[in-house]
Each structure stands twice: as C-alpha cells, then as structure tokens.
Amino acid sequence: MKRTVGATLLALLALVSSPARALDGNDELVLALEGGAVVRGWYVGVDQGVLRLSGDNRFTDVPLEQVVAVQRDGQALELSAFQAEAAAAQATLDALRADPPRVAPPAVAFGASLVWAGAGHAAAGDWRGGAGWAAVDLVLLGAAAWTLGVQQSTGAAIPIVAVDALVRVVAAGDAARIARRERRRLDGLAPVPRP
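Keep in mind that this is a model prediction, so the values were computed, not measured. (Residues numbered from 1 in each chain as written. Predicted model: local features only at pLDDT ≥ 70, side-chain atom pairs only at ≥ 80, totals over all residues. Heavy atoms only, no water.)

Trainee: So what's going on with the overall build of the protein chain? Which residues, and what values?
Mentor: Helix and strand counts for the protein chain stand at six helices and six strands. Listing each helix as α and each strand as β along the protein chain from the N terminus yields α-β-β-β-β-β-β-α-α-α-α-α. Each of the 195 residues in the protein chain was classed as buried or not, and the buried ones make up 34%. For the protein chain, restricting intrachain contacts to residue pairs at least 6 apart in sequence, the fraction spanning at least 24 positions comes to 54%. In the form shown here, the protein chain has an accessible surface area of approximately 11,600 Å², with 63% of it arising from carbon and sulfur atoms. (Helix = DSSP H or I, 4+ residues; strand = E, 2+ residues; numbered from the N terminus. Buried < 20%, exposed > 50% of the residue type's maximum accessible area, 1.4 Å probe, protein only. Contact = heavy atoms within 4.5 Å. Areas by Shrake-Rupley, 256 points an atom, 1.4 Å probe, with all protein chains shown as cover.)

So this is what it looks like as structure tokens:
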C-alpha cells in the first residue's frame, strides 16, 4: 500500500512540476518510434509499459520504450513530459487496482432503490444520479403527504403513490444496471498478461 501511494505521489509531483497537462481520451497522438515507424491515434490508456491508441476502427498497442518523439493535438511534446504523464496514468491505474472503489452488488442496488429511489444509485457509486432519483421520490412523497394531510383526500393520493412506486421500480432497474456496469469495469482493471 505504501509503495502504491508513494508511486502515485511521485507521478503527481511529476505532473505538477511539469507545465504539461495529463493524457486523456481527447488527445490525438502522433508517435515516432524507433526504426522510423509513425503511429497515429487517440489516447485510450497505458498499462504495463504499453500505450493503447484508438484509430481507424481498431486499437493499436505501442510499447513506451519504442517511442522517440511525440506530438499531441498537433503540438510537439517533450519526450520526458510524455513519459511523466504516462507514468502518472500508470500510477493512477495501479492505485485504483490496489484499492478499487466498493460497488454494491446489483441485487443490493435494486433493493435499496425499492426502499428509497436513488439509494441504489448511491450504493453503486452514482451519487449524482442518486440525488436526482431521491429528489423525485421526495417530491412525490411530499405531494402524497400534502394530499392526505391538508386536503384529506385519499382518492387523490392513490395515483401519486402509484407513480412513486413506478418511479422506485424504474430507479431500481437503473441502479442495478449501473452496479453491473461498474462491477464489469472494475473487473476489467486487472492487468492484461503480456505475451
């Protein structure tokens, strides 16, 4: 754990001390490789010394040790800055692998949203979505309570409660889908064995 934190701090320090920004998926890279080959594509990620680019409807893996010159979005980028950014991306991935976020199982996310719309989203790590669903649930329950308490109309409250139940079922399905997706994404963080 200390080693991962140390590596992450070193990578972040390299980024802070460098005027360059971090690599991200919006970066179009042109890489000159040893031997004169040139590879062009959009940055996808870096893992175990291999940079992955996307372009021409395929992925291209480029060993970082073969890169001799870099252009990002049409601008030359110093090789040392590029290597620091790649090291930072690797350190971030390693830290995420060492301590992945906890994501509730889909069944738990589903059940939590049946109790309170948005609770399953929060359990799956989608706090923003959870807040939206919880607000809708709160408004509907408030309207039902107002109808029962102030207007004393059970007949008017029944459709509101029915809509709230429907909202909870839809939120539960959405929360379960998000939890499944996040668990698949986290399972995909395992290092890919190199040949």
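Trainee: Provide a residue-level description of the sheet that holds strand 5 (residues 67-72), including the pertinent values.
Mentor: On the basis of which strands lie adjacent, the open sheet formed by six strands has the order 4-3-2-1-5-6 and antiparallel pairing. This sheet does not close on itself; its edge strands, each paired only once, are strand 4 (58-63) and strand 6 (75-77). With direction set aside, neighbouring strand axes in the sheet form an average angle of 45°. For strand 2 (residues 38-47) and strand 3 (residues 50-55), the ladder comprises five bridges, and the chain directions are antiparallel. Along strand 3, the bridge assignment pairs Val 46 with Leu 51. Each of strand 1 (28-33), strand 2, strand 3, strand 5 and strand 6 touches helix 2 (residues 79-98); the most contacted strand, strand 2, lies at about 35° to it. (Pairing = 2+ DSSP bridges. Axes fitted to C-alpha atoms, helices over the stretch in contact; angles between N-to-C directions.)

Trainee: So what's going on with a nonpolar patch on the surface? Residues and values would help.
Mentor: A surface patch of nonpolar side chains, amounting to about 240 Å² of accessible area, comprises Phe 110, Leu 114 and Val 169. Looking at the element boundaries, Phe 110 is found in helix 3 (residues 106-115). By relative accessible area, which is 34% here, Phe 110 ends up partly exposed. (Patch = residues over 30% accessible without salt bridge, like charges linked within 9 Å, V, L, I, M, F, W, Y side chains within 5 Å. Salt bridge = Lys/Arg side-chain N within 4 Å of Asp/Glu carboxyl O.)

Trainee: Please give an account of the environment of Leu 93 that cites residues and values.
Mentor: Within the secondary structure, Leu 93 is located in helix 2. Spatially, the C-alpha atoms of Leu 93 and Val 46 are 8.5 Å apart, while their sequence positions differ by 47 residues.

Trainee: For unusual backbone geometry, give the residues involved together with the corresponding values.
Mentor: A positive phi angle, near 50°, is found at Asp 73, a position not held by glycine. Position of Asp 73 among the secondary structure elements: in the loop between strand 5 and strand 6.

Trainee: Talk me through the nonpolar core; I want residue IDs and the actual numbers.
Mentor: One finds Leu 29, Leu 31, Leu 51, Val 67, Val 70 and Phe 82 to be the most contacted residues of the largest nonpolar core, which totals 15 residues. For this core, the secondary structure elements donating two or more residues are strand 1, strand 2, strand 3, strand 5 and helix 2. In this structure, Phe 82 is in contact with Leu 23, Leu 29, Leu 31, Leu 51, Leu 64, Val 67, Val 70 and Leu 77, ignoring residues within four places of it in sequence. Counting residues in each nonpolar core, the second largest holds seven residues, with Val 103, Ala 109, Ile 178 and Leu 186 among its members. (Core = buried A, V, L, I, M, F, W, Y, C linked by side-chain atoms within 4.5 Å.)

Trainee: Please give an account of the side chain of Asp 137 that cites residues and values.
Mentor: Of note, Asp 137 is situated in helix 5 (residues 127-149). Residue classification places Asp 137 among the buried residues on the basis of a relative accessible area of 0%. What Asp 137 contacts, discounting residues up to four positions off in sequence, is Trp 116, Ala 117, Asp 164 and Arg 168.

Trainee: Tell me about the environment of Ala 81, and name the residues and values.
Mentor: With respect to the element layout, Ala 81 can be found in helix 2. A sequence separation of 59 residues divides Ala 81 from Ala 22, and the C-alpha atoms of the two residues are 9.5 Å apart.

Trainee: Please give an account of the packing of helix 5 against helix 6 (residues 154-187) that cites residues and values.
Mentor: In the contact formed by helix 5 and helix 6, the axes pass within 8 Å of each other and the chain directions differ by 165°. Between helix 5 and helix 6, the angle falls in the class roughly antiparallel. Every pair of crossing elements has a handedness; the one defined by helix 5 and helix 6 is left-handed. Contacts between helix 5 and helix 6 involve Trp 133, Val 136, Asp 137, Leu 140, Leu 141, Ala 143, Ala 144, Thr 147 and Leu 148 from the first element and Thr 154, Ala 156, Ala 157, Ile 160, Val 161, Val 163, Asp 164, Val 167, Arg 168, Val 170, Ala 171 and Asp 174 from the second. Here the contact of helix 5 with helix 6 is composed, by residue class, of 15 nonpolar, two polar and four charged. (Parallel < 35°, antiparallel > 145°, perpendicular 65-115°, else oblique. Left-handed = near helix turned anticlockwise from the far one by under 90°. Nonpolar A, V, L, I, M, F, W, Y, C, P; charged D, E, K, R; others polar.)

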